[in-house]
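Breakdown of the fold
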Amino acid sequence: MRPTPRIPATLTAFGLSLAAPAVAVASPWTLHRGEVVTGVRFDFEQATEEVQEDNTQIPFSLNGRYRSVGFTPTIRVGLTDRLELEGQLPIKQVTYTADPVILLPGGDDAPAQFESAQENIINLNRSVLGPGDLTLAARYQLIGGAAPLAFEGRLKTPTGYDPPVGTFGDRPRTREQLLSDAGRFVKPENVRDDVTLGDGQLDLSARLLLGVAFSTGTFARLDAGYVLRFDGAGDQVTSSLRFGQLLWGRLLPYAGADFDYAIERGRVIGVSVAAIDPELPAKDYVGTNNLDLREVTLDRDRLVLPVGLITRITPEVELNVAHARTVWGRNTSVVHSTSVGLAVRAALLE
């Protein structure tokens with residue numbers, strides 16, 4: 001058995017807590033053999049804006065609003081003093097609401113216009129509930145001590161939910177196809193949009209995790225890696241930074257950054273119907289005059305800045321409250337998220 005890292009016990013505990021219920025899930029400070037951390041995290045996300053392919057930030061059209069409420073149980077188990085396993089499965093409800101709109105023109109006379117309006121009201125409101133992506137990870141500590149280095153392998157897999165597609169499904173695949181046969185595709189019964197519990201595809205990732213802790217109670221953590229994305233999604237490079245300061249032996253405020261960048265373009269999953277002028281009210285839409293047709297892929301870039309506070313309730317129980325905001329991106333929503341997590345550590349082997 002390797003010797004215990006020569007850093008203060010309080011700092012070790014807080015370093016471990018960052019990997020369990022908080023926004024960041026990976027840590028170079030692996031658990032010891034027989035240690036188990038169980039955690040739960042409650043998340044609330046909302047967004048009223050998006051970032052387009054050209055990095056332009058605009059509001060959702062038709063007063064659109066995205067909301068997500070989630071509950072994520074997590075477990076980490078120390079198999080040896082250097083190797084730990086982690087698993088988590090979120091349960092989420094994802095909702096999108098927007099004003100209804102009529103896109104197709106009606107008939108020539110009043111009865112025909114009324115009948116056409118009834119048949120062609122496009123309602124984009126959708127809500128889904130269920131398990132999201134199952135995540136399994138293994139971390140091996142290559143170097144211990146106050147400046148540990150670890151390797152992590154991670155698997156993310158969908159759990160059977162409907163994958164994201166375009167506004168009217170996975171057909172048509174191009175702008176030209178939609179415009180050439182709008183009467184066939186632009187129907188209320190075809191509305192699908194991308195309200196979903198995940199990307200609906202498999203990810204395999206490898207990362208290096210580096211940490212440093214000082215006797216003053218200051219810590220920093222950096223990880224970087226590569227995400228191999230299957231089912232036609234573009235691969236990503238990813239990194240995460242956390243730094244914080246232990247106060248009075250019980251409180252740890254921290255901040256950081258999460259960065260994902262797609263290095264290639266994936267397959268088109270459908271056509272997304274957005275607005276050229278997102279602030280135009282529904283009553284002023286006439287046919288396709290305000291439609292911005294985008295060929296959608298699963299590729300996205302984003303920079304998220306989280307801040308949080310970890311509070312030690314007992315030596316074995318810690319509470320983590322965090323807030324994060326998307327500050328830059330491409331093909332992603334500008335998400336504001338708040339999370340509250342609770343983690344409990346136990347030693348199964350003495």
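Look up: the structure comes first, before these words.
Residues numbered from 1 in each chain as written. Predicted model: local features only at pLDDT ≥ 70, side-chain atom pairs only at ≥ 80, totals over all residues. Heavy atoms only, no water.

1. A closer look at the overall build of the chain
Defined as follows: Helix and strand definitions here come from DSSP, where helices need a minimum of 4 consecutive H or I residues and strands a minimum of 2 consecutive E residues; each element is numbered from the N-terminal end. For every residue, the accessible area obtained with a 1.4 Å probe (protein chains only) is divided by the maximum for its type, and the residue is called buried under 20%, exposed over 50%, and partly exposed between those limits. Between two residues, a contact is recorded if the distance between any of their heavy atoms is within 4.5 Å. Residue-level accessible areas treat just the shown protein chains as cover; the underlying method is Shrake-Rupley with a 1.4 Å probe.
Along the backbone of the chain there are four helices and 21 strands. In the chain, which comprises 350 residues, the proportion classed as buried is 48%. For the chain, the proportion of contacts with a sequence separation of at least 24, taken over those separated by at least 6, is 68%. A total accessible area of about 16400 Å² is found for the chain, and carbon and sulfur atoms account for 60% of it.

2. A look at the side chain of Q201
We apply this condition: Two N or O atoms count as a polar contact when they lie within 3.5 Å, although within protein this holds only if one can serve as hydrogen donor and the other as acceptor, and sequence-adjacent residues are included solely when both atoms are side-chain atoms.
Relative to the helices and strands, Q201 is located in the loop between α4 (182-185) and β12 (203-213). Judged by relative accessible area, Q201 falls into the buried class, the value being 1%. At 3.0 Å, the side chain of Q201 forms a polar contact with the side chain of K156. One polar contact links Q201 to D203, side chain to side chain, over a distance of 2.8 Å.

3. A few points about a nonpolar patch on the surface
This is how it is decided: Candidates for patches are residues over 30% relative accessible area with no salt bridge; among them, like charges are joined within 9 Å and nonpolar side chains (Val, Leu, Ile, Met, Phe, Trp, Tyr) within 5 Å. Here, a salt bridge means any side-chain nitrogen of Lys or Arg that lies within 4 Å of a carboxyl oxygen of Asp or Glu.
Judged by side-chain polarity, L204, Y226, L228, F230, V237, Y261, I263, L305, V327 and W328 come together as a nonpolar surface patch covering roughly 790 Å² of accessible area. Those elements that provide at least two residues to the nonpolar patch are β13 (218-229) and β19 (317-330). Residue F230 is classed as partly exposed on the basis of its relative accessible area, which comes to 35%.

4. Let's talk about the packing of aromatic side chains
Heads up, the condition is: What counts as a ring pair is set by centres within 6.5 Å for rings of Phe, Tyr and Trp (its six-membered ring), and what kind of pair is set by the plane angle: stacked under 30 degrees, edge-to-face over 60, tilted for all other angles.
The final tally for this structure, using the stated rule, is four aromatic pairs. For the pair F42 and F71, a centre-to-centre distance of 5.2 Å together with 45 degrees between the ring planes defines the contact as tilted. Residue F42 is found in strand β1 (residues 35-47), and its partner F71 is found in strand β4 (residues 65-78); the two are separated by 29 residues along the sequence. Under the relative-accessibility criterion, F42 is labelled partly exposed at 47%.

5. So, the environment of L303
Counting through the fold element by element, L303 comes out in strand β18 (residues 301-314). Residue classification places L303 among the partly exposed residues on the basis of a relative accessible area of 25%. Sequence separation between L303 and T326 is 23 residues; the distance between their C-alpha atoms is 5.8 Å. Aside from chain neighbours lying at most four places away, what touches L303 is A257, D258, F259, R325, T326, V327 and W328.

6. What to know about the sheet that holds strand β20 (residues 332-333)
In plain terms, the rule: In this scheme, strands are said to pair when DSSP sees at least two bridges between them.
Spatial ordering of the open sheet is given by β3-β2-β20, a layout of three strands whose pairing is antiparallel. One side of each edge strand has no neighbouring strand; the edge strands of this open sheet are β3 (57-59) and β20. Pairing geometry for strand β2 (residues 49-51) and β20, over two bridges, is antiparallel. Paired with V51 across the bridge in β20 is T332.

7. A few points about the pattern of salt bridges
Scanning all chains against the criterion turns up 19 salt bridges. Between D43 and R41 there is a salt bridge; the shortest N-O distance is 3.0 Å. We classify R41 as buried; its relative accessible area is 13%. Salt bridges linked by common partners bring R76, E84, E86, R139, E152, R154, R207 and D223 together as one network.

8. A look at the nonpolar core
Selection criterion: In plain words, nonpolar cores are sets of buried Ala, Val, Leu, Ile, Met, Phe, Trp, Tyr and Cys residues tied together by side-chain atoms within 4.5 Å.
Core analysis: the largest hydrophobic core is formed by 24 residues, its most contacted members being L62, Y66, V94, Y96, V101, L124 and Y285. Of all the secondary-structure elements, those providing two or more residues to this core are β6 (91-97), β16 (270-275) and β17 (291-296). F219, L252, I310 and A322 belong to the second largest nonpolar core, which has eight residues in total.

9. So, the environment of R294
Summarising the element assignment, R294 is placed in strand β17. A C-alpha to C-alpha distance of 9.8 Å links R294 and V268, two positions 26 residues apart in sequence. When neighbours within four sequence positions are excluded, R294 is seen to be in contact with E50, Q52, I58, R175, G270, V271, S272 and A274. There is a polar contact of 3.3 Å between the side chain of R294 and the side chain of E50.

10. Some details on the pairing of strand β21 (residues 336-347)
The two faces of a sheet get side chains in turn, since along a regular strand they alternate between them. Bridging between β1 and β21 involves 12 bridges; their strand directions are antiparallel. Residue pairing across strands places V37 opposite R345, the latter belonging to β21. With nine bridges joining them, β19 and β21 adopt antiparallel strand pairing. Its bridge partner being in β21, V317 is matched across the sheet by V344.

11. With respect to the environment of A206
Tracing the sequence through the fold places A206 in strand β12. The exposure class assigned to A206 is partly exposed, which follows from its relative accessible area of 34%. Taking the C-alpha atoms as reference points, A206 and F151, separated by 55 residues in sequence, lie 7.4 Å from one another. Beyond its immediate chain neighbours, meaning those up to four positions away, A206 contacts F151, E152, A224, G225 and Y226.

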